Amino acid sequence: MSTNMSNRMINLLVPAIAVILGLLVGAIVMLVSGYDPVAGYIALWQGIFGDSYAIGETIRQITPYILAGLAVAFAFRTGLFNIGVEGQLIVGWFAAVYVGAAFDLPKVIHLPLSILAGAAAGALWAFLPGLLKAKMKIHEVIVTIMMNYIALHVVNALIKTWSGGGDKTERILESASLRSEFLSSLTDYSRLHYGIIVALLMVVVMWFILEKTTTGFELKAVGFNEHASQYAGMKIGKNIILSMVISGAFAGLAGAMEGLGTFGNMYTRGGFTGIGFDGIAVALLGANTPLGVIFGAVLFGSLKYGALNMPNAAQIPEEVVQIVIALVIFFVACGYAIRLFLTKMSKKKGEK
Amino acid sequence: MGFLDILYFMVPVSIAYAAPLIFTALGGVFSERSGVVNIALEGLMVMGAFIGILFNLFFYDTFGSWTPWIALIAAMVVSGVFAILHAVASISFRADQVVSGVAINMLGLAIALFLTKMIFDKGQTDFIKKAIPNFDVPFLSDIPVIGPMFFKGVYGSSILAIAVAIVTWYVIYKTPFGLRLRAVGEHPMAADTMGVNVNKIRYIAVIISGALAGIGGAIYSQTMTRDFGHATINGQGFMALAAMIFGKWHPIGAMGAAIFFGFAQALAVVGPSIPIIKEIPTGYLHALPYVVTILALAGFIGKATGPKANGKPYIKGSR
């Protein structure tokens, strides 16, 4: 019993230690580069919690992080690594904005329809890698990565075509907007929108699918042991595709939140949003559980938004936070070493 | 424009694009043949591209026209050292190698951009004064048809890439080290029983892969973009990874696949001046190399099986 308890403690401690190590190495990086890490982290803190506007914007930033984290986590649970969240997010963003701008419908239909369009686009973008994995055993990692670049270039081209050569789409109609006067005024007119509610709702949806449905059970079983699941009569290919599609739908929703809530349109991009890749960090830190994803998203979303304050307040390039995020993933991946260290520590204590 | 003219136009561009991919894919071959999945190639390439440009900018006055070549060595060393991180995580700490690779990719880009902002105070570096030069090979470029296709405006780096591919083939298939490398990637326990130090071989392989990816990145930045920014490498490392799989983890196969992907990229670049292809809007053309990569993986290779122990950390005594 006592070893069980310490195991659970260790499971919680590993991500915590990874985060602390990440921040620590981040501080060393700043120090070595001739910046003041204390000033840097104070600027980061101020950027996150400085005033009600900052808090509103931080929560806004957390919204897509939750959804991207769910997308990665859901695929992970089925034994799939969806690095394509970034691309699925981009097509979801575009599809949501397109439906939001091109149709004129009452809000009760228009808003859900636009959100669904985003989810559907993301799901579609993930369907192909799932299909290739299921039918031809082509590793999903490479296909999803390639799909990211295709999404980026195709959506850029679509925006150009739609706007007649411009670099941004039309704005969505009010009836498709997630904007909220109430939330906005509550936080000193930040861009906080109703998307956070959608995101939290999806956390429940993921928990429900995984824990309360047969489908979820099958998906997890395939993730645990493909051969045993097949022996038990489950269709491996179908489950792989389904898992990718659900994962892609979460990712598409993340894009829809950006399109319908934060920006209200879409611009051509020179590179990726980064949200999809940070979603990997969110999922790993949250141990691929729905609740864990919330914690991961709060942490990384806050770091990401707060970082924007660092160049102004402390003259430190905001990329240092991206270094910290990458390091946290690295240290979580090295969980074995941290675990080993912790077990040795606790054994020593026990001997005393 | 006739068919031959198109080829005269396309082939040199293809080969130029292929060179960085060849180097990086060979890096992948070393790493994965030893049993370590190396999705970190992208980040290692980013690092190489950045160091190449940085070295070139700072030391042009010292080394003159040799600068780009010495920059390749600098990039090789730094990326080789950077790869140790991936080695430690995947070999000693038994990390999920794909996750560790993703972390290295993010870290490489973040460090390079952080330093770029710190040094240049903007999102990208200055342009280098001296890129890797291209030249006409004497005599050979006068051969009809083949001459203008393969020997006009050749980058020295492309010749180097093909040479290194052959050397890699020799090392992996004809030397004791290569035999050990392959053994460690297929059946580490058997290799261990025969007295091969599994982890040592894997460390060496991952460091070599970092060094080669670093050279690849520095070639790309010093021939194609001539500066460094967030979108410089933009998936080249992943494409090299695909080339490695497409080439079935064989050095020469990887080289061939890399040339094929180079051709796909050249199509996106020179497409607007080729009939039929120029009908496609340029925006979509940019997506073409990636579409071709997926098609290649889906259509031509069927089921690709890598080295047997690929991705599994070796734990002594476990079955």
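Residues numbered from 1 in each chain as written. Chains lettered and ligands numbered in written order. Predicted model: local features only at pLDDT ≥ 70, side-chain atom pairs only at ≥ 80, totals over all residues. Heavy atoms only, no water.

A. Geometry of the overall build of chain A. In terms of helices and strands, chain A carries 16 helices and zero strands. Computed over C-alpha atoms, the radius of gyration of chain A comes to 21 Å, within 12% of the 20 Å expected from 2.2 N^0.38 for 352 residues, which places it in the range of a compact globule. Seen through its C-alpha atoms, chain A measures out along the principal axes to roughly 75 × 60 × 35 Å. In chain A, which comprises 352 residues, the proportion classed as buried is 57%. Of all intrachain contacts in chain A linking residues separated by at least 6 positions in sequence, the fraction that spans at least 24 positions is 79%. (Helix = DSSP H or I, 4+ residues; strand = E, 2+ residues; numbered from the N terminus. Rg over C-alpha atoms; globule rule 2.2 N^0.38 Å. Buried < 20%, exposed > 50% of the residue type's maximum accessible area, 1.4 Å probe, protein only. Contact = heavy atoms within 4.5 Å.)

B. Geometry of helix α2 (residues 41-63) of chain B. All names here are of chain B. Between the first and last C-alpha of α2 there are merely 29 Å, a value that for 23 residues lags more than 12% behind the 33 Å anticipated at 1.5 Å per step. Maximum bend of α2: about 45°, positioned at L57. Counting buried residues in α2 gives 17 out of 23 residues, a clear majority hidden from the surface. Positioned one or two residues after α2, G64 has a phi angle of 60°, which is positive. (Expected span 1.5 Å × (residues − 1). Bend = angle between axes of the 7 residues up to and from the residue.)

C. Representation of helix α4 (residues 85-102) of chain A. The first and last C-alpha atoms of α4(A) sit 25 Å apart over 18 residues, in line with the 26 Å expected at 1.5 Å per residue. Of all 18 residues in α4(A), 16 are buried, a share of seventy percent or more.

D. Examining the pattern of salt bridges more closely. Tallied over the full model, the rule gives nine salt bridges over all chains. One salt bridge in this structure joins B:K122 and B:D126, with 2.8 Å as the shortest N-O distance. Look at the salt bridges and you will find they share partners, linking A:E57, A:R60 and A:R191 into a network. (Salt bridge = Lys/Arg side-chain N within 4 Å of Asp/Glu carboxyl O.)

E. Highlighting the environment of B:F120. Residue and element names in this part refer to chain B. Structurally, the position occupied by F120 is in helix α4 (residues 97-120). With a relative accessible area of 14%, F120 lands in the buried category. Spatially, the C-alpha atoms of F120 and P133 are 25 Å apart, while their sequence positions differ by 13 residues. With residues up to four places along the chain from it excluded, the contact list for F120 reads L54, L57, L115, T125 and D126.

F. A look at the interface of chain B and chain A. In this assembly, 43 residues from chain B lie in contact with 45 residues from chain A. In this assembly, chain B packs against chain A so that about 3,700 Å² is buried in total across both faces, 83% of it on carbon and sulfur atoms. When the buried area of chain B at its contact with chain A is split by residue, B:M106, B:F114 and B:I294 rank highest and sum to 19% of it. The interface formed by chain B and chain A holds one salt bridge in total. B:K117 is the partner of A:E319 in a salt bridge, and the nearest nitrogen-oxygen pair spans 2.9 Å. Our count for the contact surface shared by chain B and chain A stands at three residue pairs in polar contact (both at pLDDT 80 or more). Breaking the side of chain B that touches chain A down by element, the ones donating at least two residues are α3 (67-92), α4, α10 (236-246) and α12 (282-299) of chain B. Sort the elements by how many residues they give to the side of chain B that touches chain A and α4(B) lands first, with 14 residues. In terms of residue class, the side of chain B that touches chain A is made up of 30 nonpolar, eight polar and five charged. (Buried area = accessible area lost by both parts, 1.4 Å probe. Polar contact = N/O pair within 3.5 Å; in protein donor to acceptor, adjacent residues only side chain to side chain. Nonpolar A, V, L, I, M, F, W, Y, C, P; charged D, E, K, R; others polar.)

G. Structural detail: the packing of helix α1 (residues 3-33) of chain B against helix α6 (residues 156-174) of chain B. All names here are of chain B. Where α1 contacts α6, the two axes come as close as 8 Å, and the packing angle between them is 20°. Overall, the two elements α1 and α6 adopt an arrangement that is roughly parallel. Crossing hand, α1 versus α6: left-handed. The residues of α6 that touch α1, namely those facing I15, A16, A19, I22, F23, L26, V29, F30 and R33, are S157, S158, L160, A161, I162, V164, A165, T168, V171, I172 and Y173. (Axes fitted to C-alpha atoms, helices over the stretch in contact; angles between N-to-C directions. Parallel < 35°, antiparallel > 145°, perpendicular 65-115°, else oblique. Left-handed = near helix turned anticlockwise from the far one by under 90°.)

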